[in-house]
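A look at the structure
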Amino acid sequence: MTKKAAGVPVTLSLDPQSSLTLQRQLYDGLRTAILAGRLRPGRRLPSTRSLAEDLALSRNTVAAAFGQLIAEGYAEARVGAGTTVARTLPEDLRKVTAGLVPPVARFRPRISRRGATLAGARVTAGFTTLRPFRPGWPALDHVPLELWSRLAARTGRRIGRSLLGYGELGGYRPLRKAIAEYLAVSRGVRCTEEQVIVTSGSQQGLFVASQVLLDPGDRVWIEDPAYPGTRSALQAAGARLVPIPVDLEGFDVRFAETRAAARLVAVAPSHQYPLGVTMTLARRLELLRLARRMRAWVLEDDYDSEFRYSSRPIAALQGLDHDGRVIYLGTFSKTLFPSLRLGYAVVPVELVGPFTAARSVLDIHSPLFEQAVLTEFIAGGYFERHLRRMRSLYEERQQTLVAEAERCLSGLLELTPARAGLQCVGWLAPDLDERAVTRAAAAHDVEVTPISAFAVRRLARSGLMLSFGAFEPNQIRAGVRRLAEALEDVRAGRRPARLGA
Ligand SMILES: Cc1ncc(COP(=O)(O)O)c(C=O)c1O
């Protein structure tokens, strides 16, 4: 229904059947008229009473629409002068700022050496389109968001107010307790809640541990290849990185022994990144013995330990250590969702003070509200249930990937199924160049990461990291078929076809 109101030279169409409220429709109509210049700046709008009468609306509806226009800067209310169209519209302001030229530095900007190291770090950025086989993404469409929202609402109602101030540096006490209990049962981690420090993801754990434990120039043994975030955090602390190869049993302790002693050893024993191997129990014990001999710290990134598909989980290094030298890191980024930014560091008792103090300088603590909701999620048994579901979902996704790879990629890419985690490695046939393959895959709308991108030394074989966690079986199958086309292109020396061509 279109209506004309006296005092506003515009036709407003208000439809009582629309899914939009009448208030919203009125607001939209007036805003459009203002932006189109049909209601000019400074023009007085009719009173709420007369407009309500003309349009057969309640006065409250009109007042609310005006209120929104005023709040957003499209209209102004003046005592005694009623409501007028604003002289400067928000859109004009946006145009002005868009036209502003930022000042150009008239000197050579100098940042610190540490700043330069950080600037060279490889970070995970926000991505838009998700395509197979991008690493690092769990199945976000399976996150029980409604349940999470209900728990958030309940938490807000019950204890929300008590969570608005500053809290303990180590994190929300009930969450630390829940994490300590969970880790004891599922990972054999031995700690009190005091030793659990809630972090902003495991990345912050890597950063704080590096800052607290290392002096510039300290030698650190690090797996080669390794997760770039680990390397960057260590480098930001000025560490001298000593790459140690990884074989089928994990971190090669024997090789490490031939190198100069280190102050810290950084490993991801549950699911090595990116090779996916699990460090054997024998290696874990050897590594701990060696660390004791060197008086070194061990930084254990227990990444992806929750999703194991075959064999029983091996106890965390932290639980095998009798010496208090392991700093254990974990995260909810893959078990729940990465934007939650919650993880944990379990540190030896003597390090609780230095870690929490460092945290107080960095960001004080993680948001309390999210920590409280997560506590409810764990305490209610939902976390365990979610993990069980996701484990079988990911197992099925990996099986789909393996089966389709066997069908389409034979002679091109040999997949090694992962025993844990959301990604696995495919080894390329010797005639296929990693970089050329990565480019060709991108042209076929497939995202693969060359293993060499994570390595310092030249690796014996070329391979790709393929992550299956975030993709439905049909996406996985289609992705594999497109990858096969890409690999055939490279083998035949064809230039990558442009996407969509
Ligand atoms: C091995 C490893 N460690 C740490 C992280 C950091 O994750 P977050 O900070 O989200 O917990 C990642 C992220 O993908 C990872 O792959």
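Description of the structure in this document.

What counts, and where the lines are drawn
Residues numbered from 1 in each chain as written. Predicted model: local features only at pLDDT ≥ 70, side-chain atom pairs only at ≥ 80, totals over all residues. Helix = DSSP H or I, 4+ residues; strand = E, 2+ residues; numbered from the N terminus. Buried ≥ 20, exposed ≤ 12 C-beta atoms within 10 Å, placed from the backbone. Contact = placed C-beta atoms within 7 Å. Pairing = 2+ DSSP bridges. Axes fitted to C-alpha atoms, helices over the stretch in contact; angles between N-to-C directions. Core = buried A, V, L, I, M, F, W, Y, C linked by C-beta atoms within 7 Å. Domains from an automatic or database assignment. Near = placed C-beta within 6 Å. Nonpolar A, V, L, I, M, F, W, Y, C, P; charged D, E, K, R; others polar. Expected span 1.5 Å × (residues − 1). Parallel < 35°, antiparallel > 145°, perpendicular 65-115°, else oblique. Left-handed = near helix turned anticlockwise from the far one by under 90°.

This paragraph deals with the overall build of the chain. Summing up its helical and strand segments, the chain has 17 helices and 16 strands in all. Considering only C-alpha atoms, the chain reaches an extent of 90 × 60 × 55 Å along its principal axes. In the chain, buried positions account for 40% of the 501 residues. Of the contacts made within the chain by residues no fewer than 6 positions apart, 71% connect residues no fewer than 24 positions apart.

Our focus in this paragraph is the sheet that holds strand β8 (residues 250-251). Across the sheet, which stays open at both edges, the eight strands sit in the order β5-β12-β11-β10-β9-β6-β7-β8 with mixed pairing between neighbours. The sheet is open, and its two borders are formed by β5 (196-199) and β8, each paired with just one other strand. Here helix α7 (residues 173-187) sits on the sheet and contacts β5 and β12 (343-346); the angle it forms with β5, its principal contact strand, is near 110°.

Attention shifts here to the nonpolar core. Ranked by internal contacts, the top residues of the largest apolar core, which has 109 residues, are Leu-264, Val-265, Val-298 and Ala-345. Of all the elements, helix α17 (residues 473-491) adds the most residues to this core, at seven residues. Built from parts of two domains, this core gets at least three residues from each of domain 2 (144-384) and domain 3 (389-491). Leaving out residues up to four positions away in the same chain, Ala-345 has contacts with Ile-197, Thr-199, Gly-205, Val-208, Ala-209, Ile-327, Leu-329 and Phe-355. One finds Leu-12, Val-62, Ala-75 and Val-85 within the second-largest nonpolar core, a separate group that totals 18 residues.

Attention shifts here to the pairing of β12. By the alternation rule, side chains of β12 split into Gly-343 and Ala-345 and Tyr-344 and Val-346, which are all buried. The pairing of β5 with β12 spans four bridges and is classified as antiparallel. Counterpart to Val-196 in the pairing with β12 is Val-346.

In the vicinity of the ligand there are 14 residues, among which Gly-201, Ser-202, Gln-203, Thr-331 and Ser-333 approach most closely. At three residues, the largest contribution of residues to the shell around the ligand is made by helix α8 (residues 201-213). Its residues placed into classes, the shell around the ligand shows five nonpolar, eight polar and one charged.

Here the focus is the sheet that holds strand β14 (residues 423-428). Across a sheet, strands are paired by hydrogen bonds formed along the backbone, either parallel or antiparallel in direction. On the basis of which strands lie adjacent, the open sheet formed by four strands has the order β13-β14-β16-β15 and antiparallel pairing. Bordering the open sheet on either side are β13 (413-416) and β15 (449-450), each of which pairs with just one other strand. Here five bridges tie β14 to strand β16 (residues 463-467), and the two strands are oriented antiparallel to one another. Opposite Trp-427, over in β16, you have Gly-463 as the bridge partner.

The topology assignment puts Ser-311 in the loop between β10 (297-301) and α12 (317-320). For the pair Ser-311 and Glu-434, spaced 123 residues apart in sequence, the C-alpha to C-alpha distance is 31 Å.

Turning to helix α3 (residues 59-71), a few remarks are in order. Here α3 is 13 residues long and its end C-alpha atoms lie 18 Å apart, about the 18 Å a rise of 1.5 Å per residue gives. At its buried positions, α3 is contacted by α1 (22-35), α2 (48-55), β3 (75-78) and β4 (82-85).

So, on to the packing of helix α16 (residues 434-443) against α17. The axes of two packed helices give the description: the angle between them and the distance between them. Viewed as axis vectors pointing N to C, α16 and α17 meet at an angle of 130°, and their least axial separation amounts to 8 Å. The pairing of α16 with α17 is recorded here as oblique in orientation. Between α16 and α17 lies a crossing of right-handed hand. Contacts between α16 and α17 pair Ala-436, Val-437, Ala-440, Ala-441 and Ala-443 from the former with Leu-483, Ala-486, Leu-487, Asp-489 and Val-490 from the latter. Class assignment of the residues belonging to the contact of α16 with α17 gives a composition of nine nonpolar, no polar and one charged.

Turning our eyes to something else, we now look at the pairing of strand β7 (residues 240-247). As paired elements, strand β6 (residues 219-224) and β7 share six bridges and run parallel to each other. Bridge pairing in β7 places Val-220 opposite Leu-241. Alignment of β7 against β8, held across two bridges, turns out to be antiparallel. Within β8, the position partnered with Val-246 by the bridge is Phe-251. From the end of β7 to the start of β8, which pair antiparallel, there are two residues.

Now for the packing of helix α6 (residues 145-159) against helix α14 (residues 368-379). Where α6 meets α14, the axes come as close as 9 Å, and the angle between the chain directions of the two elements is 115°. Judged by the sense of rotation from one axis to the other, the crossing of α6 with α14 is right-handed. Here α6 contributes Trp-148, Leu-151, Ala-152, Thr-155 and Ile-159 to the contact with α14, which in turn contributes Ala-372, Val-373, Glu-376 and Phe-377. Of the residues that constitute the contact of α6 with α14, the class distribution is seven nonpolar, one polar and one charged.

Our next topic: unusual backbone geometry. Cis geometry is found at the peptide bond from Pro-132 to Phe-133, where omega equals 10°. Of note, Phe-133 is situated in the loop between α5 (113-119) and α6. Cis geometry is found at the peptide bond from Tyr-273 to Pro-274, where omega equals 5°. Among the structural elements, Pro-274 can be located in the loop between β9 (264-267) and α11 (281-294).

Across its 27 residues, helix α15 (residues 382-408) extends 38 Å between first and last C-alpha, which sits within 8% of the 39 Å expected from 1.5 Å per residue. If you check which residues of α15 are buried, you get Phe-383, Met-390, Tyr-394, Arg-397, Gln-398, Leu-401, Glu-404 and Ala-405. Buried residues in α15 make contact with α14, β13, β14, β16 and α17.

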